[in-house]
Amino acid sequence: MTSYYINEIFPSVQGEGAKTGCPAVFVRFQGCSVRCPWCDTKYTWKGGAKCASLVPASEIFVKDRKAGCALIEKEALVRDITGRYPNIPLVILTGGEPCEQDIGPLCESLRARGLDIAVETSGHVDFDFPDYVYVVVSPKLGVPNGELVPRMARRADEIKYVIGNEADLERMKPLRVAYPDKLFCLQPKSQDKEATRLCFEYVISRSGKLRLSLQTEKMIDIR
Ligand SMILES: Nc1nc2[nH]cc(C(=O)O)c2c(=O)[nH]1
Ligand code: SF4
Ligand SMILES: [Mg+2]
């Protein structure tokens, strides 16, 4: 039996990256060992990867950006998602860090129900994704625990790179050289105005597949 520690599940639209605007069910996994200082989902770290105290499964569909998680069996999870949101074709597995749990079987079950699947990962866990999964890798190169596994960078359908300052652009450079054909979405850190200008200037002045990725969910105050 495969079960997962899940912090919250909610319907929204993809707010970031190349699929911005796509309706999706977000499944937010508990825990992330990278621990970025600017992380906006620190509540998924509380209680550790398995949660100090579990909440009932029904609660993760209603609680909003709070600590606590439920341990849910894979098929029950898929039934809950499809039962509650039958019209939403895309499931986004995020966190926390979804790849710190074995999400392979969950991807299979979701796919068997005809759903599209995207994963948001920092790329520090070496994970073998099936072809049908849309993989967004958001490297955390300046963070001590955030080392990027090269296979994850190669597998990425989209590299979402968070930019806070010029030093982040410098850190991104070798990645752009190593993966010249990848789609790079530059995302200003924490909606900072100067970081937004840096990302904007970058994407209009370089060659390659580039996008400006704004956290649109925060602009319109949705989840
Ligand atoms: N609307 C919306 N889009 C998102 N894209 C990535 C998210 C994330 O937290 O991983 C996220 C999120 O939390 N909300
Ligand atoms: S990798 Fe993502 S989820 Fe993990 S600490 Fe950093 S920002 Fe938060
Ligand atoms: Mg978010």
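Parameters and conventions
Residues numbered from 1 in each chain as written. Chains lettered and ligands numbered in written order. Predicted model: local features only at pLDDT ≥ 70, side-chain atom pairs only at ≥ 80, totals over all residues. Heavy atoms only, no water. Near = heavy atom within 4 Å. Polar contact = N/O pair within 3.5 Å; in protein donor to acceptor, adjacent residues only side chain to side chain. Helix = DSSP H or I, 4+ residues; strand = E, 2+ residues; numbered from the N terminus. Nonpolar A, V, L, I, M, F, W, Y, C, P; charged D, E, K, R; others polar. Buried < 20%, exposed > 50% of the residue type's maximum accessible area, 1.4 Å probe, protein only. Arc of directions from axis to C-beta. Contact = heavy atoms within 4.5 Å. UniProt positions renumbered as here; feature names shortened; annotations may be inferred. Disulfide = S-S within 2.5 Å. Phe/Tyr/Trp six-rings, centres within 6.5 Å; stacked < 30°, edge-to-face > 60°. Lys NZ or Arg CZ within 6 Å of the ring centre and 35° of its normal.

Draft legend 1. Representation of the site of ligand 1 in the model. Taken together, the residues surrounding ligand 1 are Ser-12, Val-13, Gln-14, Gly-15, Glu-16, Phe-26, Arg-28, Thr-94, Glu-120, Lys-160, Glu-217 and Arg-223. One of the backbone nitrogen or oxygen atoms of Val-13 is found 2.8 Å away from a nitrogen atom of ligand 1. Gly-15 has a polar backbone atom sitting 3.0 Å from a nitrogen atom of ligand 1. Counting residues per element, the ones that place at least two in the shell around ligand 1 are strand S1 (3–13) and strand S2 (23–29). Grouping the constituent residues of the shell around ligand 1 by class yields 2 nonpolar, 4 polar and 6 charged.

Draft legend 2. Here's a closer look at helix H1 (residues 74–84). The complete set of buried residues in H1 reads Lys-74, Leu-77, Val-78 and Ile-81. Projected onto a plane normal to the axis of H1, the buried residues spread over an arc of 95° and lie on a single side. Exposed and oriented more than 90 degrees from the buried face of H1 are Arg-79 and Gly-83. Of the surrounding elements, those touching the buried residues of H1 are S1, S2, strand S3 (70–73), strand S4 (90–94) and helix H2 (104–112).

Draft legend 3. Inspection of the UniProt feature "binding site: S-adenosyl-L-methionine" (unreviewed entry) in the chain at higher detail. UniProt records the feature "binding site: S-adenosyl-L-methionine" (unreviewed entry) at Trp-38, Cys-39, Asp-40, Gly-96, Ser-138, Pro-139 and Lys-140, using the numbering of this structure. Tracing the backbone through its elements, the reader meets Trp-38 in the loop between S2 and S3. You can call Trp-38 partly exposed: its relative accessible area is 27%. Discounting chain neighbours no more than four positions away, the residues touching Trp-38 are Lys-140, Val-143, Val-162, Lys-189 and Ser-190. Inspection of the secondary structure puts Pro-139 in the loop between strand S6 (133–137) and helix H3 (150–155). Of the residues examined, Pro-139 reaches a relative accessible area of 4% and is grouped as buried.

Draft legend 4. Spatial organisation of the side chain of Ser-109. Tracing the backbone shows Ser-109 in helix H2. Once you skip the residues sitting within four places of it in the chain, Ser-109 turns out to touch Lys-74, Glu-75 and Val-78.

Draft legend 5. Region of interest: the state of the cysteines. This model, assessed by the stated rule, comprises 1 disulfide. Of all cysteine sulfurs in the structure, the one in Cys-107 sits closest to Cys-99, which takes part in no disulfide; the separation is 8.3 Å. For Cys-99, a relative accessible area of 4% puts it in the buried group.

Draft legend 6. Focus on the packing of aromatic side chains. Under the counting rule described, the total for this entry stands at 3 aromatic pairs. On the numbers, 5.9 Å between centres and 85° between planes, the contact of Tyr-4 with Phe-29 is edge-to-face. Within this pair, whereas Tyr-4 is found in strand S1, its partner Phe-29 is found in strand S2, the two being separated by 25 residues in sequence. Phe-29 shares its class with Tyr-4; the two are buried. The residue whose ring lies beneath Arg-84 is Phe-61, and the NZ or CZ to ring-centre distance is 3.7 Å.

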